Amino acid sequence: MKKILMVSSEAVPYIKTGGLADVAGSLPRYIKREEYDVRVILPKYACMDQCFLPELHFVCHFYVNLNWRKQYAGILKSEYKGVTYYFVDNEFYFAGNSPYNNIYEDVEKFAFFSKAVLMALPYIDFCPDVIHCNDWQTGLVPVFLKTEFYQDNYYIGIKTIFSIHNMKFQGRWNVRDIMDITGLPAGIFTADKLESYGEANYLKGGCVYADIIATVSPSYAADITTPEGGEGLDGLMSARRDSLYGIVNGIDTDDFNPMTDAAMAEHFSVKDAVKGKKENKRALQQSVGLPVKEDVFLIGMVSRLTEQKGFDLLAYVLEEMLTTMRVQFVVLGTGEYRFEEMLQYFQKKYPDKLSAYIGYSEEKAHQIYASCDAFLMPSLFEPCGLSQMIAMRYGTIPIVRETGGLKDTVEPYNEFENKGTGFSFEAYNAHDMLYVIRYAYRVFKEQKKQWEAIMKRAMEQDFSWNASAIKYEKLYDTLIEK
Ligand code: ADP
Ligand code: GLC
């Protein structure tokens, strides 16, 4: 049996702020059980979903040396849908009502987490062949492994994969403090290892020390080797191009299933999607307080409200859209204050056309995916993006900017060849976006049959983990056979 340990700062169903949680919580279930024993390790945050607390069982405790600090680490264990989860407990580090606080606290918190993960292995009696790390929060796992832990025979055969879900967040802080926090030797804070633009950089450390770097779509893998997409690390990404793999995420097709989803007003399949969507659309319009109108073009968004997701483009043309088209918008999200405020302003001004829910709600998210005609995702950059795939699964047509994973998963509608699963635009420009939204609106209104054919094609796409899980198994095997 090959042993894989997935290390992540969030995973569904325990704790989620974004797509990383969906991936860490679903990929392990789709790796072949007969061949691979995949387990997951997470921090035990005070803010995790409290309903799981009774299921966590204490395994052991030990103390983690972080330079002059000696910190308690408890290990708890649970099982969810057949996968074993471990939790690192420390009430000082993992307090608060969000997994992430300010970066200064976070760099220490995740240094602790990374070291605790490695120290836990002999205690939990699970010596993995491969540790699969995710995002900057786990960047120090390969670093600690190769600098400190390799001196111990127990750890010597362990290989690492570092997955980048978002290059924008790198976990950067000044070198002096990080040396003090981690106790890592001064010799590795150099430009070819942990240092980047004068700072210590966890994501860079992960990328330098891991055996393989993975990211979540082939297009994003290419993007991060360029100065435009590399967020300052394009040189390193180009240099490690031979060890860099882009594998598109899957979605959990059980959780997101229009035939069984408990949040929906009526279930539907590809065959009765047109009728089923009408019912759901009516229910959503009613529940969010928009006039119930069947023929209006209902556009949904479920998103972190950040620059990455293209909200500055939306701010630029939203009023023009609301006043010149028969559209309604339903937006669900939290994030930057300026975008929350912008949405609330337009909601007040056009209450019959826009409904904004500032907050986090699984149920509302599912209802928006299931009920809207179109799903807007005009991202500035997008490593993979799960929302557009979820939307397509419910026959909700994505309108996206052609970047990263959006480019790899949405095929633009071609009216001459009757092809395509969505609509897209290339330049990061508000009027290019508006132009494409108007085009989609025309097809929706005037070419019903074509619109329904796009819905059908979108729903028939296979966005499950099936294909991608096999690619991860191959990566694990390459490392194990090395
Ligand atoms: P990212 O990870 O960059 O935020 P993804 O598209 O990969 O983007 O994943 C976002 C995930 O988070 C999706 O499952 C989406 O439905 C969910 N999500 C985002 N915002 C909210 C919200 N306010 N309420 C509920 N779910 C949300
Ligand atoms: C990140 C990216 C998103 C991706 C997700 C899961 O949050 O922004 O594009 O889908 O990670 O990999």
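Presented here is a report on the structure given in the accompanying data block.

**Section: the site of ligand 1**
Taken together, 22 residues form the shell around ligand 1, and within it Gly19, Arg304, Lys309, Tyr369 and Leu386 come nearest. Within the side chain of Arg304, an N or O atom sits 2.7 Å from an oxygen atom of ligand 1. In the environment of ligand 1, an oxygen atom lies 2.8 Å from a nitrogen or oxygen atom belonging to the side chain of Lys309. Taking 570 Å² as the accessible area of ligand 1 by itself, protein coverage stands at 93%. Among the secondary structure elements, those contributing two or more residues to the shell around ligand 1 are α1 (19–30), β13 (297–305), β14 (327–335), α11 (362–371) and α12 (387–393). Among the residues making up the shell around ligand 1, the classes are represented as eight nonpolar, nine polar and five charged. In terms of domain composition, the shell around ligand 1 takes at least three residues from each of domain 1 (2–250 + 466–480) and domain 2 (273–462).

**A look at the pattern of salt bridges**
Counting across every chain of the model gives 29 salt bridges. When the shortest N-O distance is used, the salt bridge between Arg39 and Asp37 registers 2.9 Å. A salt bridge links Lys419 to Glu417, with the shortest nitrogen-to-oxygen separation between them at 3.3 Å. Using a relative accessible area of 39% as the deciding quantity, one classes Lys419 as partly exposed.

**Looking at the nonpolar core**
Judged by nonpolar contacts, the single largest core of 73 residues is most densely connected at Leu314, Phe329 and Phe423. Discounting chain neighbours no more than four positions away, the residues touching Phe329 are Leu290, Ile299, Leu314, Leu318, Met321, Leu322, Lys353, Leu354, Ser355 and Leu376. Listed in part, the 64 residues of the second largest apolar core include Leu5, Phe62, Ile188 and Tyr220.

Rules and cut-offs
- Numbers given for residues are sequential positions, taken from 1 along each chain in its written order.
- Lettering of chains starts at A and numbering of ligands starts at 1, both following the order in which they are written.
- Only residues with pLDDT of at least 70 get local features here, since the model is predicted, and only at 80 or more are side-chain atom pairs given and counted; chain-wide, interface and lining totals rely on the full set of residues.
- Calculated side-chain values reflect all of the structure's heavy atoms, with hydrogen atoms and water omitted.
- By convention in this text, a residue qualifies as near a molecule or strand provided that one of its non-hydrogen atoms is within 4 Å of it.
- Two N or O atoms form a polar contact when they lie within 3.5 Å of each other; inside protein one atom must be a possible hydrogen donor and the other a possible acceptor, and for residues adjacent in sequence the pair counts only when both atoms belong to side chains.
- Every accessible area reported is derived by Shrake-Rupley at a probe size of 1.4 Å, with residue values counting cover from the shown protein chains alone.
- Secondary structure is summarised from DSSP: a helix means a run of H or I of at least four residues, a strand means a run of E of at least two, and numbering begins at the N terminus for each.
- Classification used: nonpolar for Ala, Val, Leu, Ile, Met, Phe, Trp, Tyr, Cys and Pro, charged for Asp, Glu, Lys and Arg, polar for all others including Gly.
- Domain borders in the structure are assigned automatically or taken from a domain database.
- Salt bridges are identified by distance alone: a Lys or Arg side-chain nitrogen within 4 Å of an Asp or Glu carboxyl oxygen.
- For the exposure calls, accessible area comes from a 1.4 Å probe over protein chains only, and a residue counts as buried if that area is under 20% of its type's maximum, exposed if over 50%, partly exposed in between.
- For this analysis, a nonpolar core means a set of buried residues of the types Ala, Val, Leu, Ile, Met, Phe, Trp, Tyr and Cys, connected via side-chain atoms within 4.5 Å.
- The contact criterion used is simple: two residues touch if any of their non-hydrogen atoms lie within 4.5 Å.

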